[in-house]
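Each chain, written out:
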Amino acid sequence: MTTPTDEPRERPLLLAVDAPSLLHRHHHARASTDLRDRGGRPAWALHGMLLQILETVESFAPDAVVFGLDDREASVRREAYPDYKAGRAEKDAALVEQLERSGPLLGALGLRAVTPAGLEADDVSASAAAWAEERDWRCVVVTSDRDAFAHISERTHVLRLITGGVDGSPLLTPARLHAMYGVRAEQYLEYAALRGDASDNLPGVPGIGEKAASLLLAQVGSMREVWADLEHCDGATLAAAVDDQCREEGRRRAGAGLVRKLSAAGARERFDFNLGIMAGRTEVDLGLTPEVPGSPGLLPVAADRVARAVDYLGVPSTTDLAVRVLAGGAGR
């Protein structure tokens, strides 16, 4: 893993952290430690998340950090689709408690945690990418989920945390995303809407899997062009383009089959519905005021504030590390 170097270093950097995804990972990975804070409450997921945040701040030296949290009381997506994320196992009570305490902990540290009404952490990430674009900043989204891939651009990259920590995790750029999925960054959301997302209980367009979705978008460019071709010439141009590519690759022709699946009753409705559910909202107010020194979310943070907040977790070495990284301007 390397930090982005293709843009001028003087552009400030916003780190947007998907806090729930980190808490979920560390809850399961660290539950055996049974770490408790000084009040006797479960703290292993909070501690693991904090350590990973500190590692990321050391690696990237951001100018500001914003954390996205889910609204656990309301969901505009569930209102539109009651089966959204249905089938997921019920969250362990210890995880729920740490999810609820994460915002206050981050706020006590002097960092910026945002829980958008009716929305999710990924909407904060989407808004962070838009915020950076508008203000000529760079942005790195930190998450373990694929949803954030839709925010990748030349300005915004995604650090997808996997086993191995920050140094062992890929930093996804438009070029790396294309190498992985065969689609351009601006096509990823449509690719995901075609494929569906089992983790969110969103079926894809029937018969269109990852390979077909990638082939389709690579040859036609966008679903708007696909639907237009189906409407105006029954998909003849689409079928010919796909078949030409299949011929070049020595594969069996697939154009007619794709046209048939995309023309089936409900196919476009399924795509449009998925697109609406999956699209990250970009209007969330991050509450960042970089023009006001010392305001929430900006680094560095006051050392005494960091020490007080982290000390309650009861791990002195982590308190020392947090003070050094968050208050000492690590890597600057």
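As the structure is a computational prediction, the values presented were derived from the model and not from experiment. (Residues numbered from 1 in each chain as written. Predicted model: local features only at pLDDT ≥ 70, side-chain atom pairs only at ≥ 80, totals over all residues. Heavy atoms only, no water.)

Engineer: It is not clear to me how the sheet that holds strand β2 (residues 64-68) should be interpreted in this structure. Could you clarify?
Structural biologist: Strand pairing in a sheet relies on backbone hydrogen bonds. The paired strands run either parallel or antiparallel. As summarised here, the arrangement of the six strands in space is β3-β2-β1-β4-β5-β6, forming an open sheet in which the pairing is mixed. Each having just a single partner strand, β3 (112-114) and β6 (171-172) make up the two edges of the open sheet. Sheet topology places strand β1 (residues 13-18) next to strand β4 (residues 138-143); five bridges connect them, and they run parallel. Looking at β4, one finds that Ala16 is bridged to Val141. (Pairing = 2+ DSSP bridges. Helix = DSSP H or I, 4+ residues; strand = E, 2+ residues; numbered from the N terminus.)

Engineer: Would you mind showing me how to read unusual backbone geometry here?
Structural biologist: Peptide bonds are, in most cases, trans, and in most cases residues other than glycine have a negative phi. Of note, the bond from Leu299 into Pro300 is cis; its omega dihedral lies within 30 degrees of zero at 0°. Mapped onto the elements, Pro300 comes out in the loop between α12 (267-278) and α13 (303-311). One non-glycine residue, Ala61, lies in the positive phi region at around 50°. Its place among the elements puts Ala61 in the loop between α2 (44-60) and β2. Within the chain, Asn201 stands out as a residue other than glycine whose phi angle is a positive 60°. Within the fold, Asn201 resides in the loop between β7 (196-197) and β8 (202-203).

Engineer: For this particular structure, what's the right way to read the nonpolar core?
Structural biologist: Generally speaking, soluble globular proteins have nonpolar side chains that are buried together. Grouped together as the largest cluster of nonpolar side chains are 57 residues, with contacts concentrated most on Leu194 and Leu262. What Leu194 contacts, discounting residues up to four positions off in sequence, is Gly204, Val205, Ile208, Ala213, Leu216, Leu217, Met223, Leu262 and Phe271. Core analysis: the next-biggest nonpolar cluster, separate from the first, contains 41 residues, Leu23, Val65, Leu109 and Val301 among them. (Core = buried A, V, L, I, M, F, W, Y, C linked by side-chain atoms within 4.5 Å. Buried < 20%, exposed > 50% of the residue type's maximum accessible area, 1.4 Å probe, protein only. Contact = heavy atoms within 4.5 Å.)

Engineer: I would appreciate a short explanation of the pattern of salt bridges in the present structure.
Structural biologist: Charged atoms that come close allow side chains of opposite charge to pair. Taken as a whole and judged by the stated rule, the model has 20 salt bridges. Linking Asp136 and Arg11 is a salt bridge whose minimum nitrogen-to-oxygen distance equals 3.1 Å. Placement of the pair is Asp136 in the loop between α5 (121-135) and β4 and Arg11 in the segment before β1, with a sequence separation of 125 residues. Judged by its relative accessible area of 39%, Asp136 is partly exposed. Given a relative accessible area of 24%, Arg11 falls into the partly exposed group. Across the salt bridge formed by Asp311 and Arg38, the nearest N and O atoms sit 3.3 Å from each other. Of the two residues, Asp311 sits in helix α13 while Arg38 sits in the loop between α1 (19-30) and α2, which places them 273 residues apart along the sequence. On the basis of relative accessibility, which here comes to 34%, the residue Asp311 falls in the partly exposed class. One connected set of salt bridges, linked through shared partners, spans Asp37, Arg41, Glu97 and Arg101. (Salt bridge = Lys/Arg side-chain N within 4 Å of Asp/Glu carboxyl O.)

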